[in-house]
Amino acid sequence: MVGRISLYFFILFFALVYNDLILENLSTTKYIFVTGGVASSLGKGIIASSLAKLLQARGYKVTIQKLDPYINVDPGTLNPYEHGECYVTEDGAETDLDLGHYERFLNSPTSQANNVTTGRIYQSVINKERRGDFLGKTVQIIPHITDEIKRYIKVLGSKKKFDVVISEIGGTVGDIESLPYIEAVRQMKWELGSDALIIHLTLVPFLSASGELKTKPTQHSVKQLLENGVQPDVLVLRTEHQLTPDLKGKVALFCNVSKDAVIESIDVSTIYEVPIRMKEEKLDVIVLKKLGLPLGEEPDLASWNDFLHRYKYPKKEVKVALIGKYVELRDAYKSIAEALIHAGAANECRVKVEWIHSEKINEENVERKLKGCEGIIIAPGFGHRGIEGKITAARYARELKIPYFGICLGMQIAVIEFARNILGLQGADSTEMNQLTKFPVIDLMDEQKDIIDKGGTMRLGSYLCNLKKDSKSYAAYGKTKISERHRHRYEFNNKYLESFEKAGMRAVGYNPDTDLVEVMEIPSHPWYIGVQFHPEYSSTVLQPHPLFVAFIAAVIENSKNHSN
Ligand code: GLN
């Protein structure tokens, strides 16, 4: 009897740990490559993030990497009009905005290793050449550049930190710039066999004149890949209309891909629905089977679905003005827009964003421009363009007691406005905008004074901040010790701190090591907060950022007053 019971327990125990054992003992890291064809902006980052999310929900440790084919060493020196927002990681890397999606979906931090550009690859190869590492060899794209690309990919798989590494290749197949990457993928597939897998994302356009979906562009784009020696294993087809089994079959036949590996990705109202759609399409199951991996646990997406429900069926709606100088290109403020979605859902509220160009605001029209906006955000930025419009908006928010959230430059603007209009310091400014100002209330940080190079030289990445307990920021975070990401050169000038505090604007957050002011508040205002850091970078679907959540709660409160 006892023997039978222990046998029973042994089997039960074995069944329970079997899955984990397999997952833990995976002999090698698996590599998935995501390429794009037909058109850019099809959402490779969202497909990569959705797949990663599903694999993570099945118990795998996954990370995603973006390989960008441009020559800039990083996007830090790029104008946001060129490439959208520059996303900053905890370790201070200035990266592509897709890394923001990776973090928002996976709820885990990325790092410098997750974003590599052609510039960085060449820089590293040229440094090696100068050191003499190549022992007299002619340095060439193949093998030296492709080896370096492979090294940057494999680095994420080393030390078994991740079971699966997904590398997204920027640009579109056929671009001259992305050829070395496609070649590196070909080589890795050749070396790794079934430990590597290629997903190709393309577009199936709908011709409204004939009412037909067309597969030819997909066929051509796969041919292009084949010419480069790469056979995709899975095809994800972006489409406005449902694909018939016949159409999928046709694509499979022409592209040498099994029929079940032709996946439909139909347009949806929010990017956060894509993981759900990909699960329905069994993208995760197909990928795991092809990689020879066990399916793991059935993904539990309850909290994800809960977020989606709150997002799609809000109980109220508020309007928030987002004031910046790049508003024509919304990608320039991607993380802020996403953080507002997360915070809105947390408050069961739809946040309608009114994108307002800072250059178009002046004393005469500010009331008209901001009419109906129940909250105001002043976005980060560099240089003097649009500054006066932002200062005018900050004054409007302060005087009319409208919730104000100033992010990085937005905090500096709040300080300049307060100095000019409350402290009476006429012409107060940041030395970034006016080097000769009599009242430099925002000034260059000491460690920045001798820096000439622009690339990668700001105060970047996560720094600690201590919050005062009697502040609204503390009320939002519920703790005194926080850590947030930065990207700036200028700081609040502590020489003026006493006059600010006496007049009603307080520094409630500061760096414990340097005393740099990190958070400014006006306690007599319902919600007026400026932060030197970028809270938007760390807001995720499952962990909306506390300051954004508190801001939206304040905006809702303000909207109630308005409707009374
Ligand atoms: N231009 C300001 C600085 O460098 C603010 C930067 C930002 O908003 N990210 O300090």
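In the block above lies the structure referred to throughout.
Scope of this entry: the structure provided in the associated data block. As a convention, each chain's residues are numbered from 1 in the sequence order in which they are written. With the structure being a predicted model, the display of local features is reserved for residues of pLDDT at least 70 and the display and counting of side-chain atom pairs for 80 or more, all residues being used for whole-chain, interface and lining totals. Water and hydrogen atoms play no part in the side-chain values, which are based on all heavy atoms of the structure.

## Here we look at the pairing of strand 7 (residues 196–203)
Each residue's exposure class comes from its accessible area (1.4 Å probe, protein chains only) as a fraction of the maximum for that residue type: buried when under 20%, exposed when over 50%, partly exposed otherwise. Secondary structure elements follow DSSP: runs of H or I no shorter than four residues count as helices, runs of E no shorter than two count as strands, and numbering proceeds from the N terminus. Burial of strand 7 is extensive: 7 of the 8 residues sit out of reach of the surface. Criterion used throughout: strands pair if DSSP finds at least two bridges between them. The pairing of strand 1 (residues 30–36) with strand 7 spans 6 bridges and is classified as parallel. Each residue of the ladder has a partner; that of Ile32, found in strand 7, is Leu197. Relative to strand 10 (residues 234–239), strand 7 runs parallel, the two being bridged by 5 bridges. Note on strand 10: the bridge partner recorded for Ile199 is Val234.

## What about the side chain of Arg487?
Looking at the secondary structure, you find Arg487 in strand 19 (residues 481–488). In this structure Arg487 comes out as buried when scored by relative accessible area, which is 11%. A distance of 3.0 Å separates the side chain of Arg487 from the backbone oxygen of Gly76, its partner in a polar contact. Here a residue-residue contact requires only that any non-hydrogen atoms of the pair lie within 4.5 Å. Beyond its immediate chain neighbours, meaning those up to four positions away, Arg487 contacts Gly76, Cys86, Val88, Glu94, Phe382, Cys408, Met458, Arg459, Leu460, His534 and Tyr537. Any N or O atom pair separated by 3.5 Å or less is treated as a polar contact, with the protein-specific requirement of one donor-capable and one acceptor-capable atom, and with residues adjacent in sequence counted only for side-chain atom pairs.

## Focus on the site of the ligand
With respect to spatial proximity, the complete set of residues near the ligand consists of Pro380, Gly381, Phe382, Cys408, Leu409, Gln412, Glu432, Arg487, His488, Arg489, Tyr490 and His534. In the model, an oxygen atom of the ligand is placed 2.9 Å from a nitrogen or oxygen of the Arg489 main chain. Here an oxygen atom of the ligand and a backbone polar atom of Tyr490 are 2.9 Å apart. What sets the accessible areas is the Shrake-Rupley method with a 1.4 Å probe; for residues, cover comes only from the shown protein chains. If the ligand stood free it would expose 300 Å²; the protein chains cover 99% of that surface. A breakdown of the residues in the shell around the ligand according to their chemical character gives 5 nonpolar, 4 polar and 3 charged. Here a residue counts as near a molecule or strand whenever at least one of its heavy atoms sits within 4 Å of it. In this classification, Asp, Glu, Lys and Arg are treated as charged, Ala, Val, Leu, Ile, Met, Phe, Trp, Tyr, Cys and Pro as nonpolar, and every other residue, Gly included, as polar.

Take it as geometry only, folks, not as evidence of what the structure does.
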